[in-house]
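# Structural overview for review
Now for the letters of each chain:
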Amino acid sequence: MCYTDLSLLFKLAVRQALQYKLLPDTNQRQEIERWLNMLRYQYNYLLAERFNWWQYNRSDCVIPQGQFCQIACTVGSQVLRNNPNWHSQSASLPCLKTDRPWYRDIYSQVLQDCVKRVKLAFERYIKGDSKGKRSGRPRFKARNRYRTLTFPQAKDSWLKGNKVKFPKLGLIKYICHRSIPQGFKVKTASVTKKADGYYLTLIVEDKTVPEFELDIAPTKNNLIAIDLGLEKLYVDNFGNQVLPQKYLRKSEEKLAKLQCQLADDNRSRKAKKLIRRAIARLHQKISRQRKQWHFEEAKKLCQKAEVVCIEDLRIANLRRKNQAKKVNGKYVENGQCRKAGLNKSFSDCAIAQFVDILHHQARKLGVKILKINPKNTSQTCPICLNKVSKTLSDRWHDCPVCKASMDRDYASALLIKKVALGIVSL
Ligand SMILES: [Zn+2]
C-alpha cells in the first residue's frame, strides 16, 4: 500500500511541525535578542526559587520509593514557605512587571511560557516523565543557551503572505517554502535562534485526521529485515548493505583547525567570536548532512517492502561509559579511551535518529515497522539455530555445526526475518 496522493501523504499525522527561515531586520533581531535575554534571566530566577525551596524545606530522612520527608513546621528562625509551583510563579509575573517595567515589552503569553518551561524541567528532575524516567538536574542557562521563545496560542491570521505578524514584535519576513497543508490550523509558533540565523517553527494540527495502526501481516514476500550497526548502517536479509557516511569524521580535520585557532590567545575577542560562529556552523552542516542522508536511506528502504523489521535496540545504553575498574584498591585501565572513540562513532552514525526517521517515512508511505527483541540475535546461527558466541570484534559468523559461513550482520538479518515470521522464537 503506497500513498501516491500528496494531499493524503501530509494528512497522516494529527499534529506536525513545520519550520521556516525567518528574515528579521536589524531592529527586529535586536528585539528578539533582548527578549531572549530577559526570558533567560527570569528562567534562572524561577529555577533558583524552586531549588531554594527544595534545599531548605526538605529533611534528610528518606522514606521508601525515593520520596523525601517535607518539613511541615517552622524550625528555629526559618519561616515556612510555600512550595513554588506553576500557579504561584505565574501569579508573580504582574509583580515582576511593576518592579521591572521593561518586562512589559514582552508579550504576556511568551513570559508565561517561560514559567511552564521551568515547571517541566523541574518536574522531570524530581518526578520523571510519563514513563517515570528522571532527567538530570536542570542547568541555569548561560548566554546563548536560551534560544527559543514560544507563542503558545498562535493563529492562522498571523501569517500574511511571506510575513508573519507576532504581537509586540511586529511583521517579520520569512521564506514560505511550503504552505500549510489543507485543513490544518496553526496552534503554536516559536522563534528559535540557530547557528545560521532565526527560524520559525509552527505546530499545526488537524483533529479530523484519524489515528490508525497499519494492519499488515508479515509474509515471506512483503517483509524486509534489517540489522542496524556501526560498521554498516544496516544490512538487510538480501545481503544489501549501506555503509555509514561518517560526516563528523570527514570534517574532523577542519574542525580541529578551527579549534586550534580558537585556543590561540594571540587572537582578538572579535576574531574569536567569528571562529566560534564558524565552528557552530560547521557542526550544523554536519548534522544536516547526516539528517538528509538518513531521510534518503529510510525512504529507499520503505519503498522496497510493506513491512520493515528491526531490532528494538536501547541505543542510549550502547553509548554508556565503561565502569571504573579497581584492583587492590587502585584504579586500573578500563578501556574508556577506546570506548570514547567508539562512542564518537555511535554519535556520528546516529542510529537512533535513523530509527526515528524510518518510523516517520514508514507512516508517510504506509509501511509497517515491526520491532523484535534483540536478545541473542547476534549469537545464534540463522540456519541451524545453534548458539555461536561472538565478541564485538568477531565480524564473521562461522557455525561449527552446519558449517555456515557468512557476514555477521547478514546472519543477524536472516535471523531477524525468521523471528518476525514466527518461524523461530529466541
Ligand atoms: Zn549453524
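Residues numbered from 1 in each chain as written. Predicted model: local features only at pLDDT ≥ 70, side-chain atom pairs only at ≥ 80, totals over all residues.

As a further point, take the overall build of the chain. The helix and strand inventory of the chain stands at 11 helices and 18 strands. Its C-alpha atoms give the chain principal-axis dimensions of about 80 × 65 × 55 Å. Summarising the internal contacts of the chain: among those between residues at least 6 apart in sequence, 65% fall at separations of at least 24. (Helix = DSSP H or I, 4+ residues; strand = E, 2+ residues; numbered from the N terminus. Contact = placed C-beta atoms within 7 Å.)

For the rest of this paragraph, the subject is the confidence of the model for the chain. Mean pLDDT over the chain: 87, with 91% of residues reaching 70 or higher. Below pLDDT 50 for its whole length, residues 1–10 participates in 11 contacts with residues either more than four positions away or in separate chains. (pLDDT = per-residue confidence, 0-100.)

Let us look at the packing of helix H7 (residues 269–304) against helix H10 (residues 351–365). When two helices pack together, their arrangement is given by the angle between the helix axes and the distance between those axes. Contact geometry of H7 with H10 gives a least axis separation of 9 Å together with a crossing angle of 45 degrees. The orientation of H7 relative to H10 falls into the category oblique. Crossing angle aside, the handedness with which H7 passes H10 is right-handed. In this structure, H7 uses Lys291, His294, Phe295, Ala298, Lys299, Leu301, Cys302 and Gln303 to contact H10, whose residues at the interface are Gln353, Phe354, Ile357, Leu358, Gln361, Ala362 and Leu365. Of the residues assigned to the contact of H7 with H10, the class counts are 9 nonpolar, 4 polar and 2 charged. (Axes fitted to C-alpha atoms, helices over the stretch in contact; angles between N-to-C directions. Parallel < 35°, antiparallel > 145°, perpendicular 65-115°, else oblique. Left-handed = near helix turned anticlockwise from the far one by under 90°. Nonpolar A, V, L, I, M, F, W, Y, C, P; charged D, E, K, R; others polar.)

Pairing within the open sheet is mixed, and its 5 strands lie in the order S12-S11-S10-S13-S16. Among the strands making up the open sheet, the edge pair consists of strand S12 (241–242) and strand S16 (368–372). As judged from the 2 bridges shared by strand S11 (residues 234–236) and S12, these two strands associate in the antiparallel manner. Looking across to S12, one finds that Val235 is bridged to Gln241. Against the sheet, H10 contacts strand S10 (223–228), strand S13 (307–311) and S16, and its axis sits at roughly 140 degrees relative to S16. (Pairing = 2+ DSSP bridges.)

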